[in-house]
Amino acid sequence: MLKNKIPKPESKIAMAHMYVAFIALLVGGLMGLLQTFVRSGEFTLPFGIGYYQILTVHGVVLGLVLTTFFIIGFQYALMSKSVGMSKGHRKWAWIGYIVTLAGTIMAATMILLGEANVLYTFYAPLQAHPLYYIGLALFVVGTWIACFINFNQLYQWKKQDPGEKSPLMAFMVVINMLIWFISTLGVASTVLFQFIPWSLGMVDEINVLVSRTLFWYFGHPLVYFWLLPAYMAWYTIIPKIIGGKIFSDGLARLAFLLFLLFSIPVGFHHQLTEPGIDPFWKYIQVILTFMVAIPSLLTAFSMFASFEMAGRAKGHKGLFKWFKGLPWKDVRFLAPFIGMVAFIPGGAGGLINASNQLNGVIHNTIWVTGHFHLTVATTVMLTFFGLSYWLIPHLKGRTLTPKLNKLGLIQTWVWTIGMSIMSGSMHIQGLLGAPRRSAFSTYGGSEQAQEWVGYQIAQAVGGSILFIGIILMVYIFFKLSFGTPKGDQEFPVAEYADVNERTPMVFENWKLWIGIAAVLILFAYTIPFIDIIQNSPPGSPGFQFPIGRG
Amino acid sequence: MSKQSALKQSSAHDVHEVEDIETHEEPNLKGTFAAVMFIGVFIVVSWIGVYALYMYR
């Protein structure tokens, strides 16, 4: 029996989340494939299915359901490993899971019935069926239960070991859940106080700018909620897989604290073209957005340092020869590593998006879609895939076989090639002015739209390759869950490079960091929000046609 | 088993065990320095590229 294996009742909770995540991957991925076919201009959806219906399924199922379920399941595993989980925590974890799943099923049913073709951003005045919004609210409430379980897990651990530095994994999970909780207050407010009464007909009009501002107050930190679990793996697990060490505990904690401070008060950089927001406050939030690049740069440094130290310890010399010392044939490393590489253009693209003038070049173009297919669909997803190769067998009491490792390497390259073609063509098309969130059109035979055609076909080719990658990954997931030999798969946990490093205890002062985060949010949002409410144009009635509920 | 004792038992998982290293040599991180400089240059060049497009248009 493997030492420190996650206990079975806790494994079951994590696995319950994984099943939902990988079924979502299959459903959402199929919708993505269909979208790229439609946009190529060579395919029409059968049975009267609308383009915006599949676009909504793709966005919601992959952007919210897959990510959230995988993240919560993975974080439960990290917390079990680092600080433990009590019986009470387990009971609440199941309640949270059921509530989140009920919300998911409710919202998904409405989308599949064509009653919520409002895309994953559900911008007003597009109006969906009330049950869609109620489903979203339930989904968020379910995740809040997971937040408070994670907070309480660390609290209980600290109570038993007062004065001890909290385990790095638990520290990171708590930061991510703090970001999620604080940011979802925004989306919960707009859903509860604006969308639900409006869709039920209790009020006639909705304040569009308030709803969009509350959505983006949530929408950007959401990106970090996706990204930070990948960073958790990079900092605490990957060094072990490569036979190296964690470069610095203090640096890792500092990076996560900076995410807590700077990932939330930045939503206006998604609204740079939005009239009705004072340019001064957009400027302030753009600066804060650039601040949030710093912890990612710290992470890049830390990863390279871990790799270089591991490579040199194995005797590799020269400026870059230590790269040879990395385990390229181990899918547990290769998949997350390619994810890291993808974040170089992904992060650079993010800084372009957040710059006011440059945003004017790419705003509402398919460049943005290409951007987040690099960040979330490559960096985050390849890391999650890489985690699955050891996490799933660990949770199921099975092992990763050499054959499945090889298939995993193939899957990783298939994904990389497919995404390079698809995301690359989306980026170029965007620079040529092709819009996002739109079905195929010749735009009345315009010359500019002709320039996009070749790239749209390339997008469909990339999308098809990616779908092969999805089929492979779903097969690998179920094989890891039910088909590999029984045994003990290691849960890799890295050690620190410097045992004498003293992490400042102020990093554990939660009141201080949550307080600073709150001050920054209030500073960035209070005045512009009052301004938005006081000077808003009249509200809008709901539009259910052409794409809201039809 | 009480909640507290269950938690205590579960939290016995050892995480981030550290090796007892006596020496304190500064690691050679020249490659890391070069790699992060490359990332910096990549960001700046990408940014200037799109800015040039903005100016041109």
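- In the nomenclature of an unreviewed UniProt entry, chain B is known as Cytochrome c oxidase subunit 2A of Salinibacillus xinjiangensis.

- Under the annotation held in an unreviewed UniProt entry, chain A carries the name Cytochrome C and is attributed to Salinibacillus xinjiangensis.
- In its Subcellular location (unreviewed entry) section, UniProt records this for chain A: "Membrane".
- Under the UniProt heading Sequence similarities (unreviewed entry), the note attached to chain A is "Belongs to the heme-copper respiratory oxidase family."

Points about the packing of aromatic side chains
Residue and element names in this part refer to chain A.
Right, on to step 1. Enumeration according to the criterion identifies 56 aromatic pairs over all chains in this entry.
Right, on to step 2. For the pair Tyr 132 and Tyr 133, a centre-to-centre distance of 5.5 Å together with 70 degrees between the ring planes defines the contact as edge-to-face. Tyr 133 carries the same exposure label as Tyr 132, and that label is buried.
Right, on to step 3. Members of the aromatic cluster, joined through ring pairs, are Tyr 120, Phe 122, Tyr 132, Tyr 133, Trp 180, Phe 195, Trp 198, Phe 215, Trp 216, Phe 218 and Phe 225.
Right, on to step 4. Against the face of Tyr 123 rests Arg 212, its NZ or CZ located 4.1 Å from the ring centre.
Right, on to step 5. Across the ring face of Phe 171, the terminal group of Arg 253 is positioned such that the distance to the ring centre comes to 4.9 Å.

Looking at the UniProt feature "transmembrane region" (unreviewed entry) in chain B
Right, on to step 1. When the UniProt feature table is mapped to this numbering, "transmembrane region" (unreviewed entry) covers residues 33-54 of chain B.
Right, on to step 2. With 100% helix and 0% strand, residues 33-54 of chain B has end C-alpha atoms that lie 32 Å from one another.

Looking at the interface of chain B and chain A
Right, on to step 1. Each side of the interface is counted separately: chain B has 35 residues, and chain A has 56 residues.
Right, on to step 2. Buried surface at the junction of chain B and chain A, both sides included, amounts to about 4000 Å², of which 67% is carbon and sulfur.
Right, on to step 3. For the pair chain B and chain A, the number of links is eight residue pairs in polar contact (both at pLDDT 80 or more).
Right, on to step 4. Grouping the constituent residues of the side of chain B that touches chain A by class yields 18 nonpolar, 10 polar and seven charged.

Cut-offs applied
- Residues numbered from 1 in each chain as written.
- Chains lettered and ligands numbered in written order.
- Predicted model: local features only at pLDDT ≥ 70, side-chain atom pairs only at ≥ 80, totals over all residues.
- Heavy atoms only, no water.
- UniProt positions renumbered as here; feature names shortened; annotations may be inferred.
- Phe/Tyr/Trp six-rings, centres within 6.5 Å; stacked < 30°, edge-to-face > 60°.
- Buried < 20%, exposed > 50% of the residue type's maximum accessible area, 1.4 Å probe, protein only.
- Lys NZ or Arg CZ within 6 Å of the ring centre and 35° of its normal.
- Helix = DSSP H or I, 4+ residues; strand = E, 2+ residues; numbered from the N terminus.
- Contact = heavy atoms within 4.5 Å.
- Buried area = accessible area lost by both parts, 1.4 Å probe.
- Polar contact = N/O pair within 3.5 Å; in protein donor to acceptor, adjacent residues only side chain to side chain.
- Nonpolar A, V, L, I, M, F, W, Y, C, P; charged D, E, K, R; others polar.

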